[in-house]
Amino acid sequence: MPKVDFRLNAIVDVDAIGGEQDLGALALAAARGGATIIQYRDKNSPTRKMVERAHAIRAALVGSGVPFVVNDRVDVALATGADGVHVGREDMLVADVRRLLGPDAIIGLTVKNESDAEAAIAGDIDYACIGGLFETPAKHNPDGPIGIDGHQRLAQIIRAKKPDLPIGAIAGLDLARAAPAIKAGADGIAVISAIFRQVDPKAAAQILREAVDKALEARR
């Protein structure tokens, strides 16, 4: 049984949604709407501010049953008692993350190409997130978008060796693109704007989650 339910990963990205927002309230709204994992991403803030924000998000999610991971920063995850971290190719190695956080921590890995897919197969991770699928204002992707076909190809590489590993899709995902991503092998989607830039984040999460569940049911 996978450690992570990756159907709907709501990413609280400070650069995309603004640090002046009540990040804890936003995260809880997403969780109540059906997000199955919450990630805090903050590439530019001072460490102390990041710890403060991560504490607020984690506190807001207590009792929700939804796990909370921190993007990249193992130190912030440790300082705030987060459930784990999400890392990419430029971040700390998965083996080092596992050694620091222990066997129970959730570790997610970004996969952008065949080399990353092999790292996902070799690494002690709990989910892989393939992307970026489409252009997104939230993050510059120097490699360019891989599209639905690229996602399908990388998902198949991972699935051949790790059939039970949850695989997500990220970048430019919205309601219209949820079902195609699931059809291409994703077990869920990771989003920022599609939840946190909407008037009602809880309702937005609910609609996305329903779309993901419906697409997963159709794939069975």
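Here the structure is a predicted model, which is why all the values come from computation and not from measurement.

What counts and what doesn't
Residues numbered from 1 in each chain as written. Predicted model: local features only at pLDDT ≥ 70, side-chain atom pairs only at ≥ 80, totals over all residues. Heavy atoms only, no water. Phe/Tyr/Trp six-rings, centres within 6.5 Å; stacked < 30°, edge-to-face > 60°. Lys NZ or Arg CZ within 6 Å of the ring centre and 35° of its normal. Helix = DSSP H or I, 4+ residues; strand = E, 2+ residues; numbered from the N terminus. Expected span 1.5 Å × (residues − 1). Buried < 20%, exposed > 50% of the residue type's maximum accessible area, 1.4 Å probe, protein only. Arc of directions from axis to C-beta. Contact = heavy atoms within 4.5 Å. Pairing = 2+ DSSP bridges. Right-handed = clockwise from strand over helix to strand, strands pointing away. Axes fitted to C-alpha atoms, helices over the stretch in contact; angles between N-to-C directions. Patch = residues over 30% accessible without salt bridge, like charges linked within 9 Å, V, L, I, M, F, W, Y side chains within 5 Å. Areas by Shrake-Rupley, 256 points an atom, 1.4 Å probe, with all protein chains shown as cover. Salt bridge = Lys/Arg side-chain N within 4 Å of Asp/Glu carboxyl O. Polar contact = N/O pair within 3.5 Å; in protein donor to acceptor, adjacent residues only side chain to side chain.

Asker: Explanation requested: the packing of aromatic side chains in the structure shown.
Answerer: The relation between two aromatic rings is expressed through the spacing of the ring centres and the mutual angle of the planes. Enumeration over the complete set of coordinates arrives at one aromatic pair. One Lys or Arg, Arg177, reaches over the ring of Phe134 and ends 3.8 Å from the middle of that ring.

Asker: I'm lost on helix H10 (residues 201-219) in this one. Help?
Answerer: An α-helix turns once per 3.6 residues; consequently, residues spaced three or four apart project the same way. Spanning 19 residues, H10 covers 27 Å between terminal C-alpha atoms, matching the ideal 27 Å at 1.5 Å per step. Of all the residues in H10, the buried ones are Pro201, Ala204, Ala205, Leu208, Arg209, Ala211, Val212, Ala215 and Leu216. Seen from one end, H10 has its buried residues packed into an arc of 160°, which puts them on one side. For H10, the exposed residues lying more than 90 degrees away from the buried face are Glu210, Lys214, Glu217 and Ala218. Those residues of H10 hidden inside the fold are in contact with strand S1 (8-13), helix H2 (23-33), helix H8 (175-183), strand S8 (188-191) and helix H9 (193-196).

Asker: Honestly, unusual backbone geometry in this entry has me stumped. Any pointers?
Answerer: Keep in mind that most residues, glycine aside, have a negative phi and that most peptide bonds are trans. For the peptide bond that leads from Gly131 to Gly132, omega is -5°, which places it in the cis range. Mapped onto the fold, Gly132 is located in the loop between strand S6 (127-130) and helix H7 (147-161). The backbone phi angle of Asp72 is positive, close to 75°, even though this residue is not glycine. If you trace the backbone, Asp72 turns up in the loop between strand S3 (68-71) and helix H4 (74-80).

Asker: Would you take a moment to explain the pairing of strand S5 (residues 106-111) for this structure?
Answerer: With six of its six residues buried, S5 lies for the most part within the structure. As defined by bridge partners, strand S4 (residues 84-87) adjoins S5 across four bridges and the pair is classed as parallel. Bridge pairing in S5 links Gly84 to Ile106. Sheet topology places S5 next to S6; four bridges connect them, and they run parallel. Along S6, the bridge assignment pairs Val111 with Ile130. A crossover connection joins S5 to the parallel S6 through helix H6 (residues 114-122); in handedness this β-α-β unit is right-handed.

Asker: What is the right way to read the sheet that holds S6 from this model?
Answerer: Taken in spatial order, the eight strands close into a barrel running S1-S2-S3-S4-S5-S6-S7-S8, and their pairing is parallel. Going from strand to strand, the sheet's axes swing by 25° on average, the running direction of each strand aside. Of the strand pairs in this sheet, S3 and S4 are connected by three bridges, and their pairing is parallel. By the bridge assignment for S4, Asn71 is matched with His86. Each of S4 and S5 touches helix H5 (residues 94-101); the most contacted strand, S4, lies at about 170° to it.

Asker: Is there a simple way to explain a nonpolar patch on the surface in this structure?
Answerer: Among the surface-exposed residues, Leu78, Met92 and Leu100 lie close enough to one another that they form a single nonpolar patch of about 250 Å² accessible area. Take Met92: it is sitting in the loop between S4 and H5. Using a relative accessible area of 34% as the deciding quantity, one classes Met92 as partly exposed.

Asker: Is there a simple way to think about the side chain of Gln39 in this case?
Answerer: Within the fold, Gln39 resides in strand S2 (residues 37-41). In this structure the side chain of Gln39 is engaged in a polar contact, spanning 2.8 Å, whose partner is the side chain of Asn71. Beyond its immediate stretch of four places on either side in the chain, Gln39 contacts Asn9, Ala10, Ile11, Val12, Val69, Asn71, His86 and Tyr127.

Asker: Please explain the pairing of S3 as it appears in this structure.
Answerer: Regular strands show a simple pattern: their side chains alternate between the two faces of the sheet. Along S3, one buried face is formed by Phe68 and Val70 and the opposite face, lined by Val69 and Asn71, is buried too. Looking at chain direction, S2 and S3 are connected through three bridges and run parallel. Note on S3: the bridge partner recorded for Gln39 is Val69. In terms of handedness, the path from S2 via helix H3 (residues 47-61) over to S3 forms a crossover that is right-handed. In this view, the connection linking S3 to its parallel neighbour S4 by way of H4 has right-handed handedness.

These values are about where atoms sit, not about what they do.
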